[in-house]
Amino acid sequence: MPRRHIPLPLLAAVLAAGVVALQLLLVLLFAWPAANAEPRDLPVVVAGPAPAAQQVAARLGTQPGVFDITLVADADAADQALRDREAYAAFVAGPDGVELHTASAASPAVATLVSQAATQLGAQNGQPVRVTDVVPADPDDPRGGGFAAGFLPLAMGSVVFGVLIVFGAPDRIARLLGVLAFAIFAGLVATLALQQWLGILPDRYLAGTAAIGLFALAAGGSVAGLASMFGHPGLGLGALLVFLVGNPLSGLSGAPELLPQPWGEVGQWLPVGAGGSLLRSAVYFDWAGAGRP
């Protein structure tokens, strides 16, 4: 029986429609979270004597859903909460007014947002607000753009390696050994580039190597593992979860709490979001808050 061929105009139309559908999906995935970024239950602490601290907390709470406020005893407790990654910022009420303590290393974007909130709070009191950065971002990358951009090639490289190891290694043991070797080399080389060559991470080489290596293991291993389970469709699923979905939901350029929920939370359970949080914890916060990622 002769084989029937799809007419070329119809094939061209189908291919064009498929590519346009893919473009639409990518636009939605990458643009929608950024277009809808705003504070959503940002963890902050308020410190100081009870009456003054409660008054500050009440003023911050006039915008429902913006801040998740915890009261602590004093400035020392507030700073410890920042170093433990339990909060992004602290409003410290004292006799001279309100001070703002930030941890811009956790998110320069959030530090800017809370600084604006503190400025408004100071304007209400008729006093300027002094800002202290307790855990500052790297001075060569104060806005965090290099940190976020550095993860894109790491994620892409991990996906590419996951695909290559599936086609290049004959069995699962060989694939596992290949993914482990890739994770080690990726951690060593990428940390060297980000810390020593580009200078966008503090000089904690072993911590950075461990964090990036674990991320590469998770990302490359996800692609290779899904391919081992589901065959070639698993490669597409792995690339979708690691890069196409995981990257825009990662919160790398801002924070998970700035993304629409539950997607900001979902992004932290995927390799790019978890890897970014882990690297921040490792190199800036002495591994505080690293357990979950």
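Residues numbered from 1 in each chain as written. Predicted model: local features only at pLDDT ≥ 70, side-chain atom pairs only at ≥ 80, totals over all residues. Heavy atoms only, no water.

Any two side chains of opposite charge can pair if their charged atoms end up close together. Applying the stated criterion to the full structure yields four salt bridges. A salt bridge links Arg40 to Glu38, with the shortest nitrogen-to-oxygen separation between them at 3.8 Å. In this structure, Glu99 and Arg130 form a salt bridge, with 2.6 Å as the shortest nitrogen-oxygen distance. With a gap of 31 residues between them, Glu99 in strand β4 (residues 97–102) and Arg130 in strand β5 (residues 130–133) connect regions that are remote in the sequence. (Salt bridge = Lys/Arg side-chain N within 4 Å of Asp/Glu carboxyl O. Helix = DSSP H or I, 4+ residues; strand = E, 2+ residues; numbered from the N terminus.)

The next point concerns helix α10 (residues 271–284). Each turn of an α-helix holds 3.6 residues, which means side chains three or four residues apart point in the same direction. With 14 residues, α10 ought to run about 20 Å at 1.5 Å a step, and its terminal C-alpha atoms sit 19 Å apart, in line with that. When you tally the buried positions in α10, you get 14 out of 14 residues, the bulk of the element. Immediately downstream of α10, the backbone of Asp286 shows phi near 55 degrees, a positive value. (Expected span 1.5 Å × (residues − 1). Buried < 20%, exposed > 50% of the residue type's maximum accessible area, 1.4 Å probe, protein only.)

Attention shifts here to the environment of Gly94. Note that Gly94 resides in strand β3 (residues 89–94). Under the relative-accessibility criterion, Gly94 is labelled partly exposed at 36%. Sequence-wise, Gly94 and Glu38 are 56 residues apart; in three dimensions their C-alpha atoms are separated by 29 Å.

A few words now on the packing of aromatic side chains. Throughout the structure, instances matching the rule amount to four aromatic pairs. When the centroid spacing of 6.3 Å and the interplanar angle of 75 degrees are considered together, the rings of Phe67 and Phe91 count as edge-to-face. Of this pair, Phe67 sits in strand β2 (residues 67–72) while Phe91 sits in strand β3, and the two are 24 residues apart along the sequence. Looking at Phe67, the relative accessible area reads 14%, which means it is buried. Looking at Phe91, the relative accessible area reads 0%, which means it is buried. Taken together, the aromatic side chains of Phe147, Phe151 and Phe215 make up a single cluster linked through ring pairs. Sitting over the ring of Phe285, Arg85 keeps its end group 5.0 Å from the ring centre. The ring of Phe147 has Arg280 lying over it, and the distance from NZ or CZ to the ring centre is 4.1 Å. (Phe/Tyr/Trp six-rings, centres within 6.5 Å; stacked < 30°, edge-to-face > 60°. Lys NZ or Arg CZ within 6 Å of the ring centre and 35° of its normal.)

What follows is about a nonpolar patch on the surface. A contiguous nonpolar patch, built from Leu22, Leu25, Met229, Phe230, Leu237, Leu240 and Leu241 and spanning about 600 Å² of accessible area, is present on the exposed surface. Broken down by element, the nonpolar patch gets its largest block of residues, three residues, from helix α8 (residues 232–245). Within the element layout of this structure, Leu22 appears in helix α1 (residues 8–35). A relative accessible area of 43% places Leu22 in the partly exposed class. (Patch = residues over 30% accessible without salt bridge, like charges linked within 9 Å, V, L, I, M, F, W, Y side chains within 5 Å. Areas by Shrake-Rupley, 256 points an atom, 1.4 Å probe, with all protein chains shown as cover.)

Read from one edge to the other, the open sheet built from five strands follows the order β2-β1-β3-β4-β5, with strand pairing classed as mixed. Looking at strand neighbours, the two that pair on one side only are β2 and β5, the edges of this open sheet. With direction set aside, neighbouring strand axes in the sheet form an average angle of 25 degrees. Where strand β1 (residues 42–47) and β2 come together, six bridges link them in parallel fashion. When the sheet's bridge partners are listed, Val46 is paired in β2 with Leu71. Packing of helix α2 (residues 50–60) onto the sheet brings it into contact with β1, β2, β3 and β4, and relative to β2 it is tilted by some 180 degrees. Of the strands in this sheet, β1, β2, β3 and β4 are in contact with helix α3 (residues 75–83), which crosses β3 at around 175 degrees. (Pairing = 2+ DSSP bridges. Axes fitted to C-alpha atoms, helices over the stretch in contact; angles between N-to-C directions. Contact = heavy atoms within 4.5 Å.)

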